[in-house]
Amino acid sequence: MNEVSEYIKDVAKGVKTLLGGLSVTGYYFFHPKEIITQQYPENRGTLKMFDRFRGEVIMPHNEKNEHRCNGCSSCELACPNGSIRIVSKHLLLENGKKKKIIDQHIYNLSLCTLCNACVKACPTDALKMSQEFEHATFGRVELIKVLNKTGSVVMEGLEE
Ligand code: SF4
Ligand code: SF4
């Protein structure tokens, strides 16, 4: 008798669980606007990622093609897996002194774990996380990017 009652209890439990699952399915069937599954890529034009999403490291530039990176290398040192390489060069000033400036800020997206350590380590707030998430390419080399744009300069007052 005990075995029969245990069996009935198990069946009742199974039916209860099934109905619980079906109630969720039923709810979203009648409230389609609340469905969070994205119809990607059909919604590519309107899709907006959530604010804290980390897609890739970028270096914003202003309308004068200026950025905030002075080439201090803090981000390179902070990166746990060598995704950043800073190449610097020296300018010869009129007074004969040399000034170190950034030549290339090289970022390897294929190595990056999007940990945000470089963004936090930057003393001049030169780096940001973008919300771009479509990174498919035909070659890994395309994921190695120079973040400071051609002809750009560091904003006045931020030089090292
Ligand atoms: S997000 Fe992390 S892994 Fe990516 S470059 Fe910055 S420090 Fe390196
Ligand atoms: S991005 Fe920031 S931390 Fe990295 S080299 Fe430039 S100024 Fe330094």
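None of the values given here were measured: they were computed from a predicted structure.

Quick word on helix H1 (residues 2–30)
Taking 1.5 Å as the rise per residue, H1 with 29 residues should run 42 Å; its terminal C-alpha atoms sit 42 Å apart, in good agreement. Among the 29 residues in H1, 0 count as buried, and that is only a small part of the element.

A look at the site of ligand 2
Not every one of the 13 residues close to ligand 2 is listed here, only the nearest: Cys69, Cys72, Ser74, Cys75 and Cys122. The class makeup of the residues in the shell around ligand 2 is 8 nonpolar, 5 polar and no charged.

Describing the sheet that holds strand S3 (residues 84–92)
Ordered by their spatial adjacency, 3 strands build an open sheet running S3-S4-S6, and the pairing between neighbours is antiparallel. Two strands close off the open sheet at either side, each with one partner strand: S3 and strand S6 (144–146). Neighbour-to-neighbour, the strand axes of the sheet open up by a mean angle of 25°, direction not taken into account. Judged from the 9 bridges that link them, S3 and strand S4 (residues 98–108) form a sheet pairing that is antiparallel. Bridge pairing in S4 places isoleucine 84 opposite tyrosine 107.

Topic: the domain arrangement of the protein
Many authors give the size of an interface as the accessible area that is lost as the parts come together. Here the domain parsing of the protein yields domain 1 (2–34) and domain 2 (56–154). Averaged C-alpha coordinates put domain 1 and domain 2 at centres separated by 54 Å.

Re the environment of serine 110
Tracing the backbone shows serine 110 in the loop between S4 and helix H3 (117–121). Given 12 C-beta atoms within a 10 Å radius, serine 110 is considered exposed. For the pair serine 110 and glutamate 132, spaced 22 residues apart in sequence, the C-alpha to C-alpha distance is 14 Å. In this view, serine 110 contacts Arg140 and Leu143; residues no more than four positions away in its chain are not counted.

Rules used throughout
Residues numbered from 1 in each chain as written. Chains lettered and ligands numbered in written order. Predicted model: local features only at pLDDT ≥ 70, side-chain atom pairs only at ≥ 80, totals over all residues. Helix = DSSP H or I, 4+ residues; strand = E, 2+ residues; numbered from the N terminus. Expected span 1.5 Å × (residues − 1). Buried ≥ 20, exposed ≤ 12 C-beta atoms within 10 Å, placed from the backbone. Near = placed C-beta within 6 Å. Nonpolar A, V, L, I, M, F, W, Y, C, P; charged D, E, K, R; others polar. Pairing = 2+ DSSP bridges. Axes fitted to C-alpha atoms, helices over the stretch in contact; angles between N-to-C directions. Domains from an automatic or database assignment. Contact = placed C-beta atoms within 7 Å.

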